[in-house]
Amino acid sequence: MTPAVNRLNSSRRPMLDPPGSEVALLMLLPALLACVTQPEYFDAPVDDSGEPVWVDADGDGFAPAGVQVLAELVDCDDSDPTVTPSTERYVPEGWFSRGSPGATREIFISGMCAQVHEVTVAEFVVFMQDMLERGYDNVDASGEPLFDIDDDDDDFEETVVRAEAGFEALPGYELHPATEIWYHSAEAYCAWRGMRLPTEAEWEKAARGVEDARSYPWSGGELDCDHANVNLRDEGTEAEFCNDGTTEVLQHPLGVGPFGLQDSIGNVSEWVSDWWYPDYDPDETDVDPQGATEPYWDEQMGFYVRMTRGGSHASGSMFDTVWARYPEPEWATSNGVGVRCFRSLD
């Protein structure tokens, strides 16, 4: 049994094709993304001699990071034509208000990119298949497990199952967010994509934006099932679930944030790189804070504590804000915890 808190019951691109139905579903995912978030293509401007001011190296019609264009037109990886603003969104450098209402602090975050949606089961299966082909059967290169395939501490089916070819997504869950993954396996997946986990400050800016100190990614309105897949209960009240578990990604366009990210609130909470501490460090830098450098040991619970952000389908409305901070045991998996990868920009 793997303990967990946030639960209903309490190298770069792959070199292999995914097995079975994952092929068709991964081909479908960009189309779904395009329907919701794809901006217009445009031609690079030219100078007085007719030469382009910037070069679109991968030919996808979007400007590389560093070019002065609208954020929603920035290509986060101009060497890869599959990376466009429909898959990753640019978050420009600058200041934003971090923290809960009445206790915000201005923080500067360098430019970065974030995945539009949470990593799906089908995407994580491709990673597991690639590792298997390299000789790692549901483990990373250091031998640590990737997916909690034998988890038995809740009523939810495991969304990755063993198959003749290795692994496959549980039918019907291919486009749901990947869950039952540890902190270290979320970290390994992002590194395999050439990305990384965000700091909690980066996560909050990407979800919240810079215009105001809002509590939700969307502007105005309250938390409801039209905006996010959440548990609407308040602390001390009965559960009020929007759905019985996770939903497919990209199902809540009303909940999109200022930078185009979807499902930042609800569905699954997302691992960040920081160690959990009950409060922000008052001496922490205001520029690109990295969080606590020492592990936090919870004496009462008896484990080291990491952190997730965004709340899940089960956690409750008190955790479903852009500023809520949620502790998770470092060695825990959950049907309510997943991952969204971020990209550094040099």
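Worth saying up front: this structure is predicted, and the values here are computed from it rather than measured. (Residues numbered from 1 in each chain as written. Predicted model: local features only at pLDDT ≥ 70, side-chain atom pairs only at ≥ 80, totals over all residues. Heavy atoms only, no water.)

## Topic: helix α3 (residues 183-192)
Extensive coverage of α3 is indicated by the burial of eight of its 10 residues. Looking only at α3, the buried set comprises Y183, H184, S185, A186, A188, Y189, C190 and W192. Once α3 finishes, G194 follows within two positions and takes phi at roughly 80°, a positive value. (Buried < 20%, exposed > 50% of the residue type's maximum accessible area, 1.4 Å probe, protein only. Helix = DSSP H or I, 4+ residues; strand = E, 2+ residues; numbered from the N terminus.)

## Looking at the state of the cysteines
Under the criterion given, the structure shown has three disulfides. Paired through a disulfide, C76 and C113 show a sulfur-sulfur distance of 2.1 Å. Measuring the twist about the S-S bond at about -90°, one finds the C76-C113 disulfide to be left-handed. With a gap of 37 residues between them, C76 in the loop between β2 (74-75) and β3 (88-91) and C113 in strand β6 (residues 112-115) connect regions that are remote in the sequence. Neither C76 nor C113 differs from the other in exposure class; each is buried. Note that C190 is cross-linked by a disulfide to C341, the S-S spacing being 2.1 Å. Its S-S torsion of approximately -85° makes the covalent link between C190 and C341 left-handed. Of this pair, C190 sits in helix α3 while C341 sits in the loop between β13 (337-338) and β14 (342-344), placing them 151 residues apart in sequence. As far as the burial class goes, C190 and C341 line up, both buried. Across the protein chain, the way the bonded cysteines pair up, counted in sequence order, is 1-2, 3-6, 4-5. (Disulfide = S-S within 2.5 Å.)

## Describing the nonpolar core
Of all hydrophobic cores here, the largest spans 28 residues; its most connected members are F124, F127, Y189 and V339. Of all the secondary-structure elements, those providing two or more residues to this core are α2 (121-133), β8 (166-169) and α3. With seven residues, α2 is the largest single contributor of residues to this core. Beyond its immediate chain neighbours, meaning those up to four positions away, F124 contacts V119, L146, F147, A178, I181, S185 and Y189. Counting residues in hydrophobic clusters, the runner-up holds 15 residues, among them W203, W218, V230 and I265. (Core = buried A, V, L, I, M, F, W, Y, C linked by side-chain atoms within 4.5 Å. Contact = heavy atoms within 4.5 Å.)

## Quick look at the pattern of salt bridges
Applying the stated rule across the entire model yields 15 salt bridges. When the shortest N-O distance is used, the salt bridge between R162 and D137 registers 3.0 Å. Of the two residues, R162 is situated in strand β7 (residues 160-163) and D137 in the loop between α2 and β7; the sequence distance between them amounts to 25 residues. For D137, a relative accessible area of 39% puts it in the partly exposed group. We note a salt bridge from R214 to D212, for which the minimum N-O separation is 2.8 Å. Among the charged side chains, a network of salt bridges with common partners joins E200, E204, R208, R309 and R325. (Salt bridge = Lys/Arg side-chain N within 4 Å of Asp/Glu carboxyl O.)

## Observations regarding the packing of aromatic side chains
In the structure shown here, the tally under the stated rule is 13 aromatic pairs. Between F127 and Y189, the ring centres sit 5.5 Å apart and the planes meet at 80°, which makes this aromatic pair edge-to-face. Separated by 62 residues along the polypeptide, F127 in helix α2 and Y189 in helix α3 bring together distant segments of the chain. Judged on exposure class, the residue F127 and its partner Y189 are both buried. Pairwise contacts between aromatic rings join F124, F127, Y189 and W192 into one cluster. Taking the ring centre of Y280 as reference, the NZ or CZ of R98 above it sits at 3.9 Å. Taking NZ or CZ as reference, R306 lies 3.6 Å from the ring centre of W275, over its face. (Phe/Tyr/Trp six-rings, centres within 6.5 Å; stacked < 30°, edge-to-face > 60°. Lys NZ or Arg CZ within 6 Å of the ring centre and 35° of its normal.)

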